[in-house]
Amino acid sequence: MSSSPTPEALAAEFDALMQRAGILVPPARRTTVLAGYADMRAQIALLHGRYSHQNEPSNVFRMDIPDGGKK
């Protein structure tokens, strides 16, 4: 994923992803949804830039047991 694609490349990427997912974006909403996609893409780039895969824990999880595990 490049850091800042041209508006035309971003629109083409968006259209391809929507088509692949089978999502039809109404023409009246396309500009707004495309702006949201561009923002989400930028946020993802920020998140991926913070850590390398070596800094990620391999098996962190939480499991709440409602009855304290008693049956």
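Bear in mind the structure is a predicted one, so any value in this text is a computation, not a measurement.

Rules of the game
Residues numbered from 1 in each chain as written. Predicted model: local features only at pLDDT ≥ 70, side-chain atom pairs only at ≥ 80, totals over all residues. Heavy atoms only, no water. Helix = DSSP H or I, 4+ residues; strand = E, 2+ residues; numbered from the N terminus. Buried < 20%, exposed > 50% of the residue type's maximum accessible area, 1.4 Å probe, protein only. Areas by Shrake-Rupley, 256 points an atom, 1.4 Å probe, with all protein chains shown as cover. Phe/Tyr/Trp six-rings, centres within 6.5 Å; stacked < 30°, edge-to-face > 60°. Salt bridge = Lys/Arg side-chain N within 4 Å of Asp/Glu carboxyl O. Contact = heavy atoms within 4.5 Å. Expected span 1.5 Å × (residues − 1). Axes fitted to C-alpha atoms, helices over the stretch in contact; angles between N-to-C directions. Parallel < 35°, antiparallel > 145°, perpendicular 65-115°, else oblique.

The next subject is the overall build of the protein chain. Counting its secondary structure elements, the protein chain contains two helices and zero strands. Put simply, the protein chain has 71 residues, and 11% of those count as buried. Summing over all exposed atoms, the protein chain offers an accessible surface of approximately 6500 Å²; the carbon and sulfur share of this is 58%.

This part takes up the packing of aromatic side chains. Going through the model one piece at a time under the given rule, you end up with one aromatic pair. For the ring pair Phe14 and Tyr37, a centre distance of 5.4 Å and an interplane angle of 50° mean the geometry is tilted. Here Phe14, found in helix H1 (residues 7-21), pairs with Tyr37, found in helix H2 (residues 27-48); they are 23 residues apart in sequence, far enough to count as distant. Across the pair, Tyr37 and Phe14 agree in class, each one buried.

Let us now look at the pattern of salt bridges. A pair can form between side chains of opposite charge whenever their charged atoms are brought close. Using the criterion set out here, one finds two salt bridges in the structure. For Asp15, the salt bridge is made with Arg30, and the minimal N-O distance between the two is 2.8 Å. Taken together, the positions of Asp15 in helix H1 and Arg30 in helix H2 put the pair 15 residues apart, joining distant regions of the chain. Since its relative accessible area comes to 29%, Arg30 is described here as partly exposed.

Moving on to the environment of Val33. Mapped onto the fold, Val33 is located in helix H2. Note on Val33: relative accessible area 34%, which makes it partly exposed. The spacing of Val33 and Phe14 is 19 residues in sequence and 9.4 Å in space, taken between C-alpha atoms. What Val33 contacts, discounting residues up to four positions off in sequence, is Phe14 and Val25.

Next up on the list: H1. The terminal C-alpha atoms of H1, which comprises 15 residues, lie 21 Å apart, in line with the 21 Å expected from a rise of 1.5 Å per residue. On the buried face of H1, the contacting elements are H2. Among the residues trailing H1, Gly22 stands out with phi positive, at a value near 75°.

Here the focus is the packing of H1 against H2. Here H1 crosses H2 at 100°, and the two axes come no closer than 10 Å. The orientation of H1 with respect to H2, classified from their angle, is roughly perpendicular. When H1 is examined against H2, the residues Leu10, Ala11, Glu13, Phe14, Asp15 and Leu17 are found in contact with a partner set consisting of Arg30, Val33, Leu34, Tyr37, Ala38 and Arg41.

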